Amino acid sequence: MIRYLLAVLSLGVLLFVSCSKDDDDKLEGKWQLQQVETDGQIIKVDTVYYNFQTSLFLYQIYIPATDGMRHCYGFKTWDGDKQLLLELEGGNSFLPYTDWKEVTESFTVETLTNSKMILNRENKRYVFRKF
């Protein structure tokens, strides 16, 4: 009986670890923001990028006038099953270029596949495509 319980418990832990790793793997890479949906309005965007590598996060904004990028490094943390916590390192000077209110923002992950990601924060939906 004890062997059976240990086997079931081990299987449960293995499934839990593999599921969170799967989401982490899908999140890895560069994502281009395509639109922001708020109060029934859809705003098209193509100059904002979120980049994820392990626990690191990079927020990039393309500046067409100079053909350059503005960026800020930070960190990402999974806070629960579908909560993604993003933090900009020393990002107070970067905040005016974003719609973030704080250097740390929490997003609910609505959709995360290998090619599409939808994040939700304060009744705003951010729709990304894998770049």
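Now for a quick tour of the structure.

The rules behind the values
Residues numbered from 1 in each chain as written. Predicted model: local features only at pLDDT ≥ 70, side-chain atom pairs only at ≥ 80, totals over all residues. Heavy atoms only, no water. Pairing = 2+ DSSP bridges. Helix = DSSP H or I, 4+ residues; strand = E, 2+ residues; numbered from the N terminus. Core = buried A, V, L, I, M, F, W, Y, C linked by side-chain atoms within 4.5 Å. Buried < 20%, exposed > 50% of the residue type's maximum accessible area, 1.4 Å probe, protein only. Contact = heavy atoms within 4.5 Å. Salt bridge = Lys/Arg side-chain N within 4 Å of Asp/Glu carboxyl O. Phe/Tyr/Trp six-rings, centres within 6.5 Å; stacked < 30°, edge-to-face > 60°. Lys NZ or Arg CZ within 6 Å of the ring centre and 35° of its normal.

1. Details of the pairing of strand E2 (residues 41-44)
Two elements, strand E1 (residues 29-38) and E2, share four bridges in a ladder whose sense is antiparallel. Following the sheet pairing, Thr 38 is matched in E2 by Gln 41. Remark: two residues form the turn of the hairpin made by E1 and E2, two consecutive strands paired antiparallel; Asp 39 in that turn has positive phi of roughly 50 degrees.

2. What about the nonpolar core?
The biggest cluster of nonpolar side chains holds 25 residues, and the ones touching the most others in it are Tyr 50, Phe 52, Tyr 59, Trp 100 and Leu 119. What Phe 52 contacts, discounting residues up to four positions off in sequence, is Leu 27, Glu 28, Gly 29, Trp 31, Phe 57, Lys 76, Leu 84, Leu 86 and Met 117.

3. What to know about the pattern of salt bridges
Pairing between side chains of opposite charge can happen when the charged atoms of each approach one another. The full count for this structure, using the stated rule, is seven salt bridges. Close ionic contact of Glu 105 with Arg 121 constitutes a salt bridge, the shortest N to O distance being 3.6 Å. Of this pair, Glu 105 sits in strand E7 (residues 104-112) while Arg 121 sits in strand E8 (residues 116-121), and the two are 16 residues apart along the sequence. For Arg 121, a relative accessible area of 3% gives the class buried. A salt bridge links Arg 125 to Glu 110; its shortest N-O distance comes to 2.8 Å. Taken together, the residues Arg 125 in strand E9 (residues 124-130) and Glu 110 in strand E7 connect sequence positions 15 residues apart. Residue Glu 110 is classed as partly exposed on the basis of its relative accessible area of 35%. Linked through salt bridges whose partners overlap, the residues forming this network are Asp 99, Lys 101, Glu 105, Arg 121, Glu 122 and Lys 124.

4. Considering the pairing of strand E5 (residues 68-78)
Direction of pairing for strand E4 (residues 56-63) relative to E5: antiparallel, over a ladder of eight bridges. Looking at the pairing, Gln 60 lines up with His 71 of E5. Counting the residues that bridge the hairpin from E4 to E5 gives four residues, and of these Asp 67 lies at a positive phi of roughly 55 degrees. Bridging between E5 and strand E6 (residues 83-88) involves five bridges; their strand directions are antiparallel.

5. Overview of the environment of Tyr 73
Residue position: Tyr 73 is located in strand E5. Judged by its relative accessible area of 53%, Tyr 73 is exposed. In this structure the C-alpha to C-alpha distance between Tyr 73 and Leu 88, which are 15 residues apart in sequence, comes to 5.9 Å. What Tyr 73 contacts, discounting residues up to four positions off in sequence, is Phe 57, Leu 58, Glu 87, Leu 88 and Glu 89.

6. Observations concerning the packing of aromatic side chains
Ring pairs (aromatic) are described by centroid distance and by the angle formed between their planes. Across all of its chains, the model carries 14 aromatic pairs by this definition. Where Phe 107 meets Tyr 126, the ring centres are 5.7 Å apart and the plane angle is 80 degrees; that geometry is what we call edge-to-face. Here the residue Phe 107 occupies a position in strand E7, and Tyr 126 occupies one in strand E9, the gap between them amounting to 19 residues. An aromatic cluster is built from Tyr 50, Phe 52, Phe 57, Tyr 59, Phe 94, Tyr 97, Trp 100, Phe 107, Tyr 126 and Phe 128, whose rings are joined through pairwise contacts. In this structure, Lys 30 is placed above the aromatic ring of Tyr 49, and the distance from its NZ or CZ to the ring centre is 5.0 Å.

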